[in-house]
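Overview (structure and organization)
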Amino acid sequence: MNKKQKMLKKTAKRAKARHNKHTPPTVKKYISKGDRAKMLAQEQAEMAAKANAAEKAAKVEGEPEVAVEAVETAEQEEASQNAEPKASE
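The structure reproduced in this document is the subject of the present report.

Definitions and limits used
- Every chain is numbered independently, its residues counted from 1 as its sequence is written.
- Predicted model: local features are reported for residues with pLDDT of at least 70 only, side-chain atom pairs are reported and counted for 80 or more only, and whole-chain, interface and lining totals are derived from all residues.
- Side-chain descriptors were evaluated using all non-hydrogen atoms of the structure, hydrogens and water having been removed beforehand.
- Strands are runs of DSSP state E lasting at least 2 residues, helices are runs of H or I lasting at least 4, and numbering of each runs from the N terminus.
- In these tables, accessible area is a Shrake-Rupley quantity obtained with a 1.4 Å probe, and a residue counts as shielded only by the protein chains included in the view.
- For patch building, the residue pool is restricted to those with more than 30% relative accessible area and no salt bridge; the joining distance is 9 Å between like charges and 5 Å between nonpolar side chains (Val, Leu, Ile, Met, Phe, Trp, Tyr).
- Here, a salt bridge means any Lys or Arg side-chain nitrogen found within 4 Å of an Asp or Glu carboxyl oxygen.
- Positive: Lys, Arg. Negative: Asp, Glu. His and the chain ends are not part of the count.
- By convention, the charge on Lys lies at NZ, on Arg at CZ, on Asp at CG and on Glu at CD.
- Exposure categories follow from relative accessible area, calculated using a 1.4 Å probe and restricted to protein chains: below 20% of the type maximum is buried, above 50% is exposed, and the middle band is partly exposed.
- Multiplying 1.5 Å by the residue count of a helix minus one yields the expected span of that helix.

Notes on the overall build of the protein chain
- What the protein chain contains, in helices and strands, is two helices and zero strands.
- Total accessible area computed for the protein chain in this model is approximately 8900 Å², and 58% of it derives from carbon and sulfur atoms.

Below you can see the structure in the form of structure tokens.
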């Protein structure tokens with residue numbers, strides 16, 4: 001190969017290399033293992049707090065229904081007790 005052909009071959013290789021160049025994903029900052037554990041614990045604590053808040057909200061919403069049912073059953077019991085003495089008289 002003469003000098004001109006070698007130069008063309010080299011420039012073609014460089015162009016191909018530039019075209020096939022792989023850029024790795026950029027890592028913003030290194031996070032140590034301890035920091036990752038702290039972040040995970042914090043996320044889990046937040047999720048647990050949200051779950052507890054949801055349970056409390058469900059209990060608060062459920063209490064009036066239970067109270068209404070308890071009042072209704074108490075009224076039914078009183079009515080049945082009142083009806084029994086009248087039936088025996």
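Overview of a positive patch on the surface
- Where like charges cluster on the molecular surface, the positive patch consists of Lys9, Lys10, Lys13, Arg14 and Arg18.
- Checked against the element boundaries, arginine 14 lands in helix 1 (residues 3-19).
- Overall, arginine 14 belongs to the partly exposed group, its relative accessible area being 47%.

Some details on helix 1
- The end-to-end C-alpha distance of helix 1 is 24 Å, a good match for the 24 Å that 17 residues give at a rise of 1.5 Å each.
- Little of helix 1 sits inside the fold, with zero of its 17 residues counted as buried.

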